[in-house]
Amino acid sequence: MPRILIIDDDESFRLTLQEILERKNYTVITAVNGAEGIQIYRENPADLVITDIIMPIKGGIRVIMDLKKEFPGVKIIAISGGGLGTADEYLEVVRILNVGATLKKPFSNAELLEMVYKMVGE
Amino acid sequence: MIHYFQTILNSMTDPLFVLGADAKISLANKATVKLLGYSPSELIGRDVSLLFADPKNVPLKDELFLRFQQDGLLRQFEATWKTKDGDTIPVLLSCSVIEAAAGSPPVDDLTPSAKLGGFLPRRGLVCVAKDITEWKSAQALLSESEERFRMIFDMAPDAIYMKSGGNFTYLNPAALKLFGASRPEELIGKSMWDFFHPDSFETIRERVKQLQSMPGGAVPFSEQKYLRLDGTTVEVETTAAPVRFQGQQGVVVFIRDITERRKMIAEMLSDKVKLDLALKSSGMGVWSYELRKNLRIFDAQVCRILGIDPESFHGSAEEFINIVHPQDRESIQSALQQTIASGQSYAVEYRVVWPDQSVHYICARGQLVRDASGQPVKVKGVIWDVTERKQAEEDKENLQQQFFQAQKMESIGTLASGVAHNFNNILGSIRGCAEMALDDVAPSSRTRRDLERIVQGVESAQKLTEQILSFSRSAKQEIRDVAIRPIIKNAVEMFRASLKGAVEIRESFNSENAVVSVDPNQMQHMILNILTNSYQAIDKAGGVIEVGLSRMNMDARAIARIAALKTGEWVELTIKDNGCGMDSATKERIFEPFFTTKELGQGTGLGLSLVYGVITGYGGKIIVESFPLQGTTFHIFLPCKNYPL
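These figures come from a predicted structure and were not determined experimentally. (Residues numbered from 1 in each chain as written. Chains lettered and ligands numbered in written order. Predicted model: local features only at pLDDT ≥ 70, side-chain atom pairs only at ≥ 80, totals over all residues.)

Chemist: How should the overall build of chain B be read in this particular structure?
Modeler: Along chain B, the regular secondary structure elements total 20 helices and 23 strands. Looking at chain B residue by residue over its 645 residues, the buried ones come to 27%. (Helix = DSSP H or I, 4+ residues; strand = E, 2+ residues; numbered from the N terminus. Buried ≥ 20, exposed ≤ 12 C-beta atoms within 10 Å, placed from the backbone.)

So this is what it looks like as structure tokens:
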């Protein structure tokens with residue numbers, strides 16, 4: 001089964017996301033911030049990274065840039081609920097970085113699963 | 001012959017007597033006898049000194065008698081007679097030498113002297129006496145009156161002097177003081193011309209000529225300069241009249257020292273000049289209200305300040321009160337009445353409306369003026385224009401309010417964005433969990449319907465957080481120069497289509513080529529938002545929404561009204577409804593985020609705050625005018641340029 005790394009500082013959201021994916025039998029590992037996420041990825045690379053954008057210690061955009069540099073083939077879905085700007089604004093940046101897909105929080109389970117399926121299969 | 005002569009002598013009313021060379025009375029007429037009370041026999045042959053109260057001082061016997069003998073001329077002198085009873089009588093004696101003609105018979109031959117009551121000497125003195133008692137008392141009266149006049153002259157506060165032949169002949173004490181002399185001798189006999197200031201020579205010469213040509217008259221007052229004994233100059237005002245004094249033609253001159261008065265006038269003039277200058281430079285005007293005539297008297301400056309044409313203003317109460325702003329009429333009238341009744345200072349501020357309808361703020365101060373009996377006669381005072389100050393105060397207040405508003409909005413915006421971020425995370429988990437639960441329940445179950453409602457609620461909440469974030473103005477805008485008219489036209493068309501005729505929308509656009517810098521989609525969204533608000537405020541049939549667009553040039557006055565806009569070209573969009581309107585408390589809060597008058601769940605309370613944020617972001621301004629039951633008007637001002645045609 002494909003391995004998915006979730007990086008999000010919001011515990012409730014992170015757990016929900018994990019549950020949604022695990023119900024579809026994906027293997028899920030989680031990190032609570034960008035630094036931890038990169039550490040985990042280095043130790044044990046995942047097939048897909050789902051990362052929040054606004055996080056403490058290391059933000060999502062930094063994470064994406066670092067992973068892309070270190071692991072050019074990495075697959076990433078960026079998710080955001082907005083911060084000082086709207087979610088669209090942050091995700092626009094991510095699109096410019098050309099990392100794969102973006103999702104605006106809160107999204108439907110179907111949207112997410114469809115996107116994951118397209119990127120890593122079942 | 002003798003009888004004839006005797007009759008003449010005795011019929012004379014004045015006493016006549018003849019003295020012989022030995023100064024003995026040789027003849028005396030009846031009048032003499034009568035006046036003195038002696039019988040003829042008591043007189044004849046007696047020494048003349050018998051007649052006099054003070055014989056020693058009578059010159060008859062001595063040198064005078066001798067002189068009579070020498071030249072025989074008539075002599076006159078005063079003497080005091082003493083009657084037999086001891087009374088004294090002042091007399092004027094006229095004496096001449098009498099002498100028998102050469103070759104005439106001796107006296108003894110000539111007269112049986114008894115017949116004449118005496119005898120005639122060959123050589124003697126014939127004296128006629130005149131009783132001058134009355135003349136003397138008249139003389140005494142005269143000198144008393146002279147004394148009185150002298151006293152008046154001496155006491156006179158004004159200087160008076162007399163001159164004759166160009167020299168001082170008399171000076172009163174005030175004149176001595178004026179010239180700086182302590183005794184008259186220092187000046188009497190001196191030439192006047194030494195005491196005239198050369199500047200006044202010509203005037204004085206002219207006046208001397210006038211006096212000579214108009215005997216009996218006085219020359220009018222004129223101002224001159226005199227010199228004192230110490231050479232200093234004194235400014236005087238003089239008048240003069242010709243007089244006879246001590247037997248000589250002269251002039252009496254009345255002088256008043258006007259040095260003090262001059263100084264006072266100069267000070268008053270300079271005070272008046274200063275006052276005028278102060279009034280002029282302060283822009284103050286002077287007014288007075290005459291109580292008895294009910295008349296207002298305004299100077300030119302007051303007319304200018306009040307916007308009155310001085311030519312057509314008559315000063316009536318109606319004329320004045322008509323130019324005063326209706327809301328201020330009562331207060332200034334009661335203030336005036338209070339001043340008149342109590343005498344307290346009049347201090348008011350009021351507005352006047354000029355003929356061009358412009359409103360000017362006036363500050364007035366005044367005082368009650370009473371007549372000698374204490375009756376109020378007028379209120380007198382000044383006014384000045386305080387329009388600029390008032391506008392500045394209003395501007396300041398507006399700016400302050402806007403600043404507070406902006407500050408409030410900004411802090412709310414910051415808060416909102418933070419809230420939105422966390423909100424989306426929470427919503428994300430709710431939605432995720434709800435959808436997972438949906439997968440687990442049977443399609444017909446009630447739990448499924450509940451879960452679906454959770455998901456719908458999350459979707460609404462999602463829209464709201466999106467709006468919150470837009471409000472925090474981090475929403476990406478595509479601002480460009482666009483013609484404003486088509487944007488509004490589009491928005492109105494879209495809105496009209498959605499209404500399906502429920503409300504009438506009237507348009508009046510007269511701003512063909514105005515170009516504004518906005519995000520066209522956002523702008524359209526803003527207009528729709530306001531139109532929706534207006535529509536929702538209309539709760540009755542016959543609702544009308546008027547949408548207007550017009551160009552305006554912001555002059556200083558318009559800015560004072562709207563506040564905080566820069567001068568220049570602006571376009572004003574108005575959206576006016578005839579709906580339920582708002583009270584002032586509601587009006588104040590309508591641009592606050594989350595403020596809503598709608599029922600819970602019907603509105604987010606973000607629409608108008610969003611409009612506010614966006615319009616402010618365009619450098620524009622939105623204000624709202626509304627009263628309960630009178631509808632609401634939104635005014636949106638945007639800076640504009642001309643579309644290049």
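Picking up after the structure, the text goes on.
Chemist: For this particular structure, what's the right way to read the overall build of chain A?
Modeler: Scanning chain A from N- to C-terminus turns up 5 helices and 5 strands. Along chain A, from the amino end to the carboxyl end, the secondary structure elements read β-α-β-α-β-α-β-α-β-α. In chain A, which comprises 122 residues, the proportion classed as buried is 48%. Within chain A, contacts between residues at least 6 apart in sequence are counted, and of these 60% link residues at least 24 apart. (Contact = placed C-beta atoms within 7 Å.)

Chemist: For this particular structure, what's the right way to read helix α10 (residues 259-282) of chain B?
Modeler: Each α-helix turn comprises 3.6 residues. Residues three or four places apart therefore point the same way. Residues and elements named next belong to chain B. Compared with an ideal rise of 1.5 Å per residue, which puts 24 residues at 34 Å, α10 spans 34 Å between its outermost C-alpha atoms and is within 8% of the ideal. Of all 24 residues that make up α10, 0 are buried, and the element is exposed over most of its length. Following α10 by one or two positions, G283 adopts a phi angle in the positive range, close to 75°. (Expected span 1.5 Å × (residues − 1).)

Chemist: Which parts of the structure should I look at to understand the pairing of strand β12 (residues 295-298) of chain B?
Modeler: Regular strands show a simple pattern: their side chains alternate between the two faces of the sheet. Residue and element names in this part refer to chain B. Burial of the side chains of β12 is restricted to one face: R296 and F298 are buried, whereas none of L295 and I297 on the reverse face is. Both strand β11 (residues 285-290) and β12 contribute to a ladder of 4 bridges, which runs antiparallel. Across the sheet, residue S288 finds its bridge partner in β12, namely I297. Here β11 folds back onto β12 in antiparallel fashion, the turn holding 4 residues, of which N294 has a positive phi close to 50°. (Pairing = 2+ DSSP bridges.)

Chemist: Looking at this structure, I do not really get the sheet that holds strand β13 (residues 346-353) of chain B. What am I missing?
Modeler: What holds strands together in a sheet is hydrogen bonding between their backbones, with the strands either parallel or antiparallel. Residue and element names in this part refer to chain B. On the basis of which strands lie adjacent, the open sheet formed by 5 strands has the order β12-β11-β15-β14-β13 and antiparallel pairing. Strands at the two margins of the open sheet, each flanked by one partner only, are β12 and β13. Adjacent strand axes in the sheet meet at a mean angle of 25° when their direction is disregarded. Pairing analysis gives 9 bridges linking strand β14 (residues 359-370) to strand β15 (residues 376-385), with the strands arranged antiparallel. (Axes fitted to C-alpha atoms, helices over the stretch in contact; angles between N-to-C directions.)

Chemist: How do you make sense of the sheet that holds strand β2 (residues 25-28) of chain B when you look at a structure like this?
Modeler: All names here are of chain B. In spatial order, the strands read β2-β1-β5-β4-β3; together these 5 strands make up an open sheet with antiparallel pairing. In this open sheet, the two strands that pair with only one neighbour each are β2 and β3 (75-82). Across the sheet, the mean angle from the axis of one strand to that of its neighbour is 30°, orientation sign disregarded. Pairing between strand β1 (residues 16-20) and strand β5 (residues 123-131): 5 bridges, direction antiparallel. If you follow L19 over to β5, its bridge partner there is L125.

Chemist: So what exactly am I meant to see when it comes to helix α2 (residues 34-43) of chain A here?
Modeler: Residue and element names in this part refer to chain A. Every buried residue belonging to α2 is among G34, G37, I38 and Y41, and all of these are buried. For α2, the arc enclosing every buried residue in end-on projection is 95°, short of the 170-degree limit, so these residues lie on one face. Those residues of α2 that are exposed and angled more than 90 degrees off the buried face are Q39 and E43. Contacts made by the buried residues of α2 are with β1 (3-7), β2 (27-31), β3 (48-52) and α3 (60-70). (Arc of directions from axis to C-beta.)

Chemist: Mind showing me how you'd approach the environment of B:H314 here?
Modeler: Residues and elements named next belong to chain B. Its location among the elements puts H314 in the loop between α11 (300-306) and α12 (317-323). Classification of H314 by C-beta neighbours within 10 Å gives exposed; the count is 8. With 19 residues separating them along the chain, H314 and L295 place their C-alpha atoms 8.2 Å apart.

Chemist: Please clarify how unusual backbone geometry should be interpreted in this entry.
Modeler: One can expect most non-glycine residues to show negative phi and most peptide bonds to be in trans. All names here are of chain A. Cis geometry marks the peptide bond from K105 to P106; its omega dihedral reads -10°. Mapped onto the elements of the fold, P106 is located in the loop between β5 (100-104) and α5 (109-120). Phi at N25 is positive, roughly 70°, even though this residue is not glycine. Here N25 shows up in the loop between α1 (11-23) and β2.

Chemist: Help me out: how do you make sense of the pairing of β3(B) in this one?
Modeler: Residue and element names in this part refer to chain B. By the bridge criterion, 8 bridges tie β3 to strand β4 (residues 88-99) in an arrangement that is antiparallel. Looking at β4, one finds that W81 is bridged to I89. The hairpin formed by β3 and β4 contains 5 residues between the paired strands, and G86 there has a positive phi angle of roughly 95°.

Chemist: Before we go on, may I ask you to explain the environment of B:W193 in this structure?
Modeler: Residues and elements named next belong to chain B. Within the secondary structure, W193 is located in the loop between α8 (173-179) and α9 (201-213). Taking the C-beta count within 10 Å as the criterion, W193 has 12 such neighbours and is therefore assigned exposed. Sequence-wise, W193 and L227 are 34 residues apart; in three dimensions their C-alpha atoms are separated by 9.5 Å.

Chemist: Before we go on, may I ask you to explain the confidence of the model for chain B in this structure?
Modeler: In low-pLDDT regions, the fine details of the predicted coordinates are not to be read closely. In this model, chain B carries a mean pLDDT of 81, and residues with pLDDT of at least 70 account for 84%. Within the model, pLDDT remains below 50 along residues 107-115 of chain B, and this stretch shows 16 contacts once partners closer than five positions in the same chain are excluded. (pLDDT = per-residue confidence, 0-100.)

Chemist: What am I meant to see in the packing of helix α17 (residues 520-537) of chain B against helix α20 (residues 607-617) of chain B here?
Modeler: Each packed pair of helices is defined by two parameters, the angle between the axes and the distance between the axes. All names here are of chain B. Running from amino to carboxyl end, α17 crosses α20 at an angle of 140°, the nearest separation of the two axes being 10 Å. The angle between α17 and α20 places the two elements in the oblique class. Crossing handedness for the pair α17 and α20: left-handed. Contacts between α17 and α20 pair Q522, M526, N529, I530 and N533 from the former with G607, L608, L610, V611, V614 and I615 from the latter. Broken down by class, the residue content of the contact of α17 with α20 amounts to 7 nonpolar, 4 polar and no charged. (Parallel < 35°, antiparallel > 145°, perpendicular 65-115°, else oblique. Left-handed = near helix turned anticlockwise from the far one by under 90°. Nonpolar A, V, L, I, M, F, W, Y, C, P; charged D, E, K, R; others polar.)

Chemist: Before we go on, may I ask you to explain the nonpolar core in this structure?
Modeler: The nonpolar side chains of soluble globular proteins are, as a tendency, buried together. Counting 40 residues, the largest nonpolar core has B:I484, B:I488, B:V571, B:V611, B:I615 and B:L638 as its most contacted members. Elements with a contribution of two residues or more to this core: α16 (484-499), β18 (514-518), α17, β19 (544-554), β20 (568-577), α20, β21 (621-626) and β22 (632-639) of chain B. In terms of nonpolar packing, the next biggest core, distinct from the first, is built from 35 residues, A:I61, A:I77, A:V99 and A:F107 among them. (Core = buried A, V, L, I, M, F, W, Y, C linked by C-beta atoms within 7 Å.)

Chemist: Please explain the packing of α2(A) against α3(A) as it appears in this structure.
Modeler: All names here are of chain A. Between α2 and α3, whose axes approach to 9 Å, the crossing angle comes to 25°. Looking at the two axes, α2 sits roughly parallel to α3. Note on packing geometry: the crossing formed by α2 with α3 is right-handed. Facing α2, whose interface residues are G34, G37, I38 and Y41, α3 presents G60, R62, V63, D66 and L67. Per-class residue counts for the contact of α2 with α3 are 4 nonpolar, 3 polar and 2 charged.

Chemist: Teacher, can you tell me more about the environment of B:I487 here?
Modeler: Residues and elements named next belong to chain B. Structurally, I487 can be placed in helix α16. What makes I487 buried here is the crowd of 22 C-beta atoms within 10 Å. For the pair formed by I487 and Q524, sequence separation is 37 residues and the distance between their alpha carbons is 6.1 Å.

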